[in-house]
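# Chain and residue survey
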Amino acid sequence: MLGDRFEMVDMSVLPGVSAPAETGATFEENARIKALHASARYDGLVLADDSGLEVDALGGAPGVYSARYAGPAATDAENRAKLLQALAGNRNRAARFHCALAVARGGKVIAVTEGSVEGEITTDEFGKHGFGYDPIFQPLSHRETFAELSDRKKSALSHRGVAAARLCAFLAGPKYKQNIN
């Protein structure tokens, strides 16, 4: 999603870098925590993501707990099953995916961008692509769930795609150049 301007390295392959506790109350706070943690251990730009699903009828849940909605070691299928059960019989199925991307360098956050995509939770699972809640999330003005869309189409309209486009615009602009000096 960031194009070929950057070489991406998964921090999990670097020695001595473990994941910090995600103690933030928002996606932005968690993205900042992760970016700062990694940037203190790695010399270079660090990009951290925190994202999840917010369901209106559930007061925004699962939110920052999306990956562990059905418990700390829950599988994607268990999280989806719990969500579908929580919405059983509910006509309000409005939801959104939200993503916060934080970029840090040398222990300082230099940018945060966010993106969202509105949609609704289906009553059953559809599609085999993607991960997480993709088989039950249908973006507005689409007949397919994220799990039925091609990777290219999903990336173009997803919460992560929106946040990444905003980040690319920042990195190409004058504010980024001021922050690296």
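Structure first, text after, so check above.
Residues numbered from 1 in each chain as written. Predicted model: local features only at pLDDT ≥ 70, side-chain atom pairs only at ≥ 80, totals over all residues. Heavy atoms only, no water.

Bringing the nonpolar core into the picture now. A general feature of soluble globular proteins is that nonpolar side chains tend to end up buried together. Residues Leu-53, Leu-83, Ile-121 and Phe-137 are the most contacted members of the largest nonpolar core, which totals 16 residues. Every element with two or more residues in this core is listed here: strand 1 (46-55), helix 2 (76-86), strand 2 (94-105) and strand 3 (108-121). When neighbours within four sequence positions are excluded, Phe-137 is seen to be in contact with Leu-53, Ala-95, Arg-96, Phe-97, Val-117, Glu-118, Gly-119, Glu-120, Ile-121, Thr-145 and Phe-146. By size, the runner-up hydrophobic cluster in this structure holds 10 residues, among which are Cys-99, Val-103, Ala-164 and Leu-167. (Core = buried A, V, L, I, M, F, W, Y, C linked by side-chain atoms within 4.5 Å. Buried < 20%, exposed > 50% of the residue type's maximum accessible area, 1.4 Å probe, protein only. Helix = DSSP H or I, 4+ residues; strand = E, 2+ residues; numbered from the N terminus. Contact = heavy atoms within 4.5 Å.)

Turning next to the packing of aromatic side chains. For the structure shown, the criterion picks out three aromatic pairs. Arranged with centres 5.7 Å apart and planes meeting at 5 degrees, the rings of Phe-97 and Phe-146 form a pair that is stacked. Taken together, the residues Phe-97 in strand 2 and Phe-146 in the loop between strand 4 (137-139) and helix 3 (151-157) connect sequence positions 49 residues apart. A relative accessible area of 6% means that Phe-97 is categorised as buried. (Phe/Tyr/Trp six-rings, centres within 6.5 Å; stacked < 30°, edge-to-face > 60°.)

Before going further, it helps to examine the pairing of strand 3. Strand direction decides the pairing type here: strand 2 and strand 3, joined by 12 bridges, are antiparallel. Bridge pairing in strand 3 links Arg-96 to Glu-118. Hairpin connection from strand 2 to strand 3: two residues lie between these consecutive antiparallel strands, with Gly-106 at a positive phi of about 60 degrees. Both strand 3 and strand 4 contribute to a ladder of three bridges, which runs antiparallel. Counted as the bridge partner of Ile-121 is Phe-137 from strand 4. (Pairing = 2+ DSSP bridges.)

All right, on to the pairing of strand 1 then. Within a regular strand, the side chains alternate between the two sheet faces. A large share of strand 1 lies buried, amounting to seven of its 10 residues. Pairing analysis gives 10 bridges linking strand 1 to strand 2, with the strands arranged antiparallel. The residue bridging Ala-48 from the neighbouring strand is Ala-102, located in strand 2.

Relative to the elements of secondary structure, Gly-115 occurs in strand 3. Residue class for Gly-115 comes out buried when judged on its relative accessible area of 1%. A sequence separation of 87 residues divides Gly-115 from Glu-28, and the C-alpha atoms of the two residues are 11 Å apart.

In the structure shown here, the tally under the stated rule is nine salt bridges. When the shortest N-O distance is used, the salt bridge between Lys-34 and Asp-50 registers 3.1 Å. Taken together, the residues span a long stretch of sequence, with Lys-34 in helix 1 (residues 27-39) and Asp-50 in strand 1 at a distance of 16 residues. Among the residues examined, Lys-34 registers a relative accessible area of 19% and is labelled buried. Across the pair Asp-49 and Arg-160 runs a salt bridge, and its minimum N-O distance is 2.8 Å. With Asp-49 in strand 1 and Arg-160 in helix 4 (residues 159-172), this pair connects stretches of sequence that are 111 residues apart. (Salt bridge = Lys/Arg side-chain N within 4 Å of Asp/Glu carboxyl O.)

So, on to unusual backbone geometry. Along the chain, Ala-61 connects to Pro-62 via a cis peptide bond; the corresponding omega equals 0 degrees. Relative to the elements of secondary structure, Pro-62 occurs in the loop between strand 1 and helix 2. Even without a glycine there, the phi angle at Ser-141 is positive, about 60 degrees. Looking at the secondary structure, you find Ser-141 in the loop between strand 4 and helix 3. Judged by relative accessible area, Ser-141 falls into the exposed class, the value being 74%.

Tracing the chain through its elements places Thr-145 in the loop between strand 4 and helix 3. Leave out the neighbours within four places in its chain, and Thr-145 touches Thr-122, Phe-126, Asp-134, Pro-135, Phe-137, Gln-138 and Pro-139.

Without other data, these values stay purely geometric and don't point to any function.
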